[in-house]
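Topology and contacts: notes
Now for the letters of each chain:
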Amino acid sequence: MMRGNLTVFLSLSLSLLTGFILLLTGNAIKNAVKVRYECAADTSMNAVLSEFHIALFERYGLIYIDASYLGSQPCISNTEDRLRYYIEENTTKILTGKDAPWGKINTQQVVIPCFETAAAGMGASMRNQAICYVEDTGIFGKEQQVLEQIGEIQILSQSTPMEEWSNIMEQLDGMELPCILNEEGIWEEVPLSNPADGIYHLVQSDVLFLAGINLETISPAKLSLENYISHRQVENTGSIRQAFKEEDDLFLSYLFNKMGHLGNARQSSLLSCQLEYIAEGKASDLENVRASAEELFRVRFADNTACALADGDLRAEAFAAAEELLAVSLKEELKAPVAESILYACAFLESISDVRAIYEGKSIPVRKSGHSMSVTHVLDGNFYCTGGNQGWSYEQYLAGLILLAGKEAVNLRAMDIMEMDIRLSDGNHNFKMDWCIERYEAIVTAVGDYGSCYELRRTYGYF
């Protein structure tokens, strides 16, 4: 009887122990499947990131996934398909092998609900990577120094000396001129003969021509602006992170390192004067160079006008020249506006000379402490030479014009240039910066043995 009880007890114990062992084994297999699934998802998300756009990285040092994958149109389903492929390669495919582990995993769904592109924050993502690139490489140039006087450039660019000069010339046109009796006894009007008139007639002339700027290196290409990100409807501007780096000085160094400008054209690019495009956003090199030269002239004219109007000796010269005019000697009220117009003419000639010097590689201060203006130059109607080694170079003035354009415009135009360049390479005709993915979130679901379900949500990116 004792042996019978012992046998029954041992049988029951063994049954319970076997069931417990099988339960532990099942849970171990289930947990192993879950761990393998998580590892496969993590590995696969990194594998997707490994397929970054090589041309964009080599040309601009930026690391993004191109959601077009050299196909017809970029879309997030392309990236979802790539992620599913890698997950299945790391789960379902290895289960069919000779040494496959226990437990099955079948991927059910791969969804990327949100992602961050180069256009996040209207180009803030691209700017952030560019700044990180500069920090890593240690690029530094004189363009960073413009931030010290960018406030002065803003003030000068907002000044309206040309309108003031035009008002003076209109005032003179509206004033009645004196009359004298000629030899025939007929009253005739005395011409004003204002020496500033000849200079004022140059106001509508092309600054490029007046300054003698060499245009041999510019590209003849004409852009269809609507094809680029700054002019089309920008997509995917949302961000799944909190902050981006925005340092203007470092971003300027990036632009000057990666892009060309007049006198330092970038090869194998649609536009040769890319930085002028970023400053002005026109459809051709010629338009951008002209717009930059005109804006540069306005800045110099504002400063030179301030110098001329504040110079007592120059003002005395202008009044002396006005008094030499017969019309002024006969009508005193003409003297002041004529003298003022001569001062503006002095500033105009000085400004054209400044622009010419800047494009010749010389330097001109943003705010001059001295000048070369003389009424004699106005009377002779001749341009002259200015410039030296003190002040800003052309590159620094161009950097100032870029800053005046505003962060968002600069970001988008910089991405225009990137799209232009990358589309020149094979298979990239549909390349779009607002479909270049830097960071993405994925939701992956799968089923295992005995109805077990798994769901993972992961966020992976380069930064």
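Criteria and cut-off values
Residues numbered from 1 in each chain as written. Predicted model: local features only at pLDDT ≥ 70, side-chain atom pairs only at ≥ 80, totals over all residues. Heavy atoms only, no water. Phe/Tyr/Trp six-rings, centres within 6.5 Å; stacked < 30°, edge-to-face > 60°. Helix = DSSP H or I, 4+ residues; strand = E, 2+ residues; numbered from the N terminus. Buried < 20%, exposed > 50% of the residue type's maximum accessible area, 1.4 Å probe, protein only. Disulfide = S-S within 2.5 Å. Polar contact = N/O pair within 3.5 Å; in protein donor to acceptor, adjacent residues only side chain to side chain. Contact = heavy atoms within 4.5 Å. Core = buried A, V, L, I, M, F, W, Y, C linked by side-chain atoms within 4.5 Å. Salt bridge = Lys/Arg side-chain N within 4 Å of Asp/Glu carboxyl O. Expected span 1.5 Å × (residues − 1). Arc of directions from axis to C-beta.

Examining the packing of aromatic side chains
Tallied over the full model, the rule gives 15 aromatic pairs. On the numbers, 6.3 Å between centres and 15° between planes, the contact of Trp 165 with Tyr 344 is stacked. You can see Trp 165 sitting in helix H6 (residues 161-174) and its partner Tyr 344 sitting in helix H14 (residues 335-359), a full 179 residues away along the chain. By relative accessible area, which is 0% here, Trp 165 ends up buried. Taking relative accessible area as the criterion, Tyr 344 reaches 4% and is therefore assigned buried. Connected via pairs of aromatic rings, a cluster forms that spans Trp 165, Tyr 200, Phe 297, Phe 301, Tyr 344 and Phe 348.

Quick look at the state of the cysteines
For the coordinates displayed, the defined rule picks out zero disulfides. With no disulfide of its own, Cys 75 lies 14 Å from the sulfur of Cys 436, the closest cysteine sulfur. Judged by relative accessible area, which is 26%, Cys 75 ranks as partly exposed.

Re the side chain of Asn 428
Locating Asn 428 in the fold gives a position in the loop between helix H17 (407-423) and strand S5 (436-448). For Asn 428, a relative accessible area of 6% gives the class buried. Reaching out from Asn 428, the side chain makes a polar contact with the backbone oxygen of Asp 426 at a distance of 3.3 Å. Excluding residues that lie within four positions of it along the chain, Asn 428 makes contacts with His 53, Asp 66, Leu 70, Ile 422 and Arg 423.

Examining the nonpolar core
Membership of the largest hydrophobic core comes to 108 residues, with the highest contact counts inside it found for Met 126, Leu 255, Ile 402 and Met 433. No other element matches H14, which puts 15 residues into this core. With residues near it in sequence (within four places) discarded, Met 433 still touches Leu 56, Thr 117, Ala 118, Ala 119, Met 126, Ile 229, Arg 232, Met 415, Met 418 and Glu 419.

Brief notes about the environment of Cys 75
Along the chain, Cys 75 falls in the loop between strand S1 (65-66) and helix H3 (76-89). Separated by 36 residues in sequence, Cys 75 and Cys 39 have C-alpha atoms that sit 26 Å apart. Residues contacting Cys 75, with those up to four places away along its chain left out, are Ala 67 and Trp 435.

Here we look at the pattern of salt bridges
Counted according to the given criterion, the structure contains 22 salt bridges. For Asp 303, the salt bridge identified is with Arg 300, shortest N-O distance 2.8 Å. In this pair, Asp 303 and Arg 300 both sit in helix H11 (residues 285-310), three residues apart, roughly one turn of the helix. Here Asp 303 matches Arg 300 in class, with each residue buried. Between Asp 354 and Arg 300 there is a salt bridge, and its shortest N-O distance comes to 3.2 Å. In this pair, Asp 354 sits in helix H14 while Arg 300 sits in helix H11, placing the two residues 54 residues apart along the sequence. You'll find Asp 354 and Arg 300 in the same group, each marked buried. By sharing partners, the salt bridges in this structure join Glu 152, Arg 300, Asp 303, Glu 350, Asp 354, Arg 367 and Lys 368 into a single network.

Focus: H6
Quick reminder: α-helices carry 3.6 residues per turn. Residues three or four places apart thus point the same way. The terminal C-alpha atoms of H6 lie 20 Å apart, and with 14 residues this matches the ideal 20 Å at 1.5 Å per residue to within 8%. Residues of H6 that are buried: Pro 161, Trp 165, Ser 166, Ile 168, Met 169 and Leu 172. Down the axis, H6 shows its buried residues gathered within 160° of arc, on one side only. Along H6, the residues that are exposed and aim more than 90 degrees away from the buried face are Glu 163, Glu 170 and Gly 174. Residues of H6 that are buried in the fold lie against helix H7 (196-200), H11 and H14.

Section: the environment of Phe 251
Mapping Phe 251 onto the fold places it in helix H9 (residues 248-258). The exposure class of Phe 251 is buried, given its relative accessible area of 2%. For Phe 251 and Leu 296, which are 45 residues apart along the polypeptide, the C-alpha to C-alpha distance reads 21 Å. Sequence-distant contacts of Phe 251, that is, excluding residues within four places in its chain, are made with Met 126, Arg 127, Ala 130, Ile 131, Val 410, Asn 411 and Ala 414.

Observations regarding H17
Taking 1.5 Å per residue as the helical rise, H17 with its 17 residues ought to reach 24 Å, and the 24 Å between its terminal C-alpha atoms agrees with that figure. Burial within H17 is extensive, with 14 of its 17 residues counted as buried.

With respect to the environment of Ser 425
Secondary-structure assignment places Ser 425 in the loop between H17 and S5. For the pair Ser 425 and Ser 268, spaced 157 residues apart in sequence, the C-alpha separation works out to 9.9 Å. Of the polar contacts made by the side chain of Ser 425, one reaches the backbone oxygen of Ile 422; its length is 2.6 Å.

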